[in-house]
Amino acid sequence: MKNQTTITSVLLMSLSDNQNTNYVLFTIFLLIYLMTFLCNFLIILLVVTCAHLHTPMFFFLGNLAFLDMSYSSVTVPRTLCELTTQDWSISLPDCITQIFFVIYFGACEVFLLSSMSYDRYVAICRPLHYSQVMSWGKCTLMVSFVWSTAFFLTIIFTLCLKRLTFCGPNFIHNFFCDLPHLFQISCTDTFINILVLIIVGGVFGIIAFVATFYSYVKIFSTVLSIRTSEGKRKAFSTCTSHLTVVFIFYASITFIYFDPNTSNLLTLNEVVTVIYALITPLLNPLIYSLRSKDLQSALQKAL
């Protein structure tokens, strides 16, 4: 075996080598981040302060807004600093810490979107039993399950990284640390890590996806049985936005985690990563939460 030097820092991918382009990217990223933070913070504030928004649906929306605000805060502020200083290096412990929170908030969103689809299923398919089925105790239990299960999975994936040594090259084809890209710079066999990721993450991910998919199959079958066009329109409007968020999220995460070695599609990978890390947390409040008439009414009263 040849001599190997263990690395202590990682070099992230620079978005551009041109300083003027970096200033433009800095401005765009900063504006998107501020809009994401303010929109999601506004949703949380309205859900907490407005009594008529104290319902299960807005309880889940408040959690989703907090997740989006937290996820963008894990990746974007550091990227903004790197765009101005042109220092794209990050220490290995900081990189693993960033991976921990990226996985944690991402896993939380997977389970939370599944819980929200069940909430829409009960509201549309079993409206007379909604208040009984979606009680505050059950909603609190569901959200507690989301946060605790995601934490348990993230701990497993992060602890598995302790068995790896990293000897370079220390360059990551991404502007923030993520699990598939860290595997590429490991000089230890990552078979066990990938196996754990596929088995544990795959099982929980498939369960969450099937639950979400099944809920929408039941929703659409119920909506199609509604006789009046006005009733169909109202039912579709309550779940179309949610389904859009689910599609964007799952499409992005599938492309990133199931095809991390697409060197011939590196530019496309960068675009999808930007959408997943930067655009999706902004789209969630815009196309899902702020379209709600109840939220619009609460915002008008607050203003």
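Nothing here was measured: the structure is a model prediction, and the numbers come from that model.

Criteria and thresholds
Residues numbered from 1 in each chain as written. Predicted model: local features only at pLDDT ≥ 70, side-chain atom pairs only at ≥ 80, totals over all residues. Heavy atoms only, no water. Helix = DSSP H or I, 4+ residues; strand = E, 2+ residues; numbered from the N terminus. Buried < 20%, exposed > 50% of the residue type's maximum accessible area, 1.4 Å probe, protein only. Contact = heavy atoms within 4.5 Å. Disulfide = S-S within 2.5 Å. UniProt positions renumbered as here; feature names shortened; annotations may be inferred. pLDDT = per-residue confidence, 0-100. Phe/Tyr/Trp six-rings, centres within 6.5 Å; stacked < 30°, edge-to-face > 60°.

Draft legend 1. Main features of the overall build of the chain. Along the chain, the regular secondary structure elements total 10 helices and 2 strands. Evaluated residue by residue, the chain yields a buried proportion of 46% over its 303 residues. Taking all contacts inside the chain whose residues are at least 6 apart in sequence as the whole, residues at least 24 apart take part in 79%.

Draft legend 2. Quick peek at the state of the cysteines. Summed over all chains, the structure comprises 1 disulfide. Disulfide partner of C95: C177, at an S-S distance of 2.1 Å. Here C95 and C177 share a disulfide; its torsion about the S-S bond, -120°, makes the bridge left-handed. On the criterion of sequence distance, the pair formed by C95 in helix α3 (residues 92-125) and C177 in the loop between α5 (136-160) and α6 (179-183) is long-range, its members being 82 residues apart. Note on C95: relative accessible area 0%, which makes it buried.

Draft legend 3. Seen up close, the side chain of D68. Of note, D68 is situated in helix α2 (residues 56-85). Aside from chain neighbours lying at most four places away, what touches D68 is T36, N40, E109, P281, N284 and P285.

Draft legend 4. The environment of A123, seen in detail. Position of A123 relative to the elements: it lies in helix α3. Remark: the alpha-carbon pair of A123 and M57, spanning 66 residues in sequence, is separated by 9.3 Å.

Draft legend 5. The arrangement of the UniProt feature "transmembrane region" (unreviewed entry) in the chain in detail. Under the UniProt annotation, "transmembrane region" (unreviewed entry) lies at residues 23-51, 96-118, 139-159, 191-214, 235-258 and 270-290. Taken as a whole, residues 96-118 contains 100% helix and 0% strand, while its terminal C-alpha atoms sit 33 Å from one another.

Draft legend 6. Spatial organisation of the confidence of the model for the chain. Taken as a whole, the chain shows an average pLDDT of 85; of its residues, 89% reach a score of 70 or greater. Considering each helix and strand of the chain separately, the mean pLDDT is smallest for helix α8 (residues 229-258), with a value of 72, and largest for α5, with 94.

Draft legend 7. Main features of the packing of aromatic side chains. Across all of its chains, the model carries 21 aromatic pairs by this definition. A centroid spacing of 6.2 Å and a plane angle of 25° characterise the contact between F100 and Y104, whose relative ring orientation is stacked. In this pair, F100 and Y104 are both assigned in helix α3, 4 residues apart and thus about one turn of the helix distant. By the ring-pair criterion, three or more aromatic residues cluster together here, those being F66, F100, F101, Y104, F105, W147 and F151.

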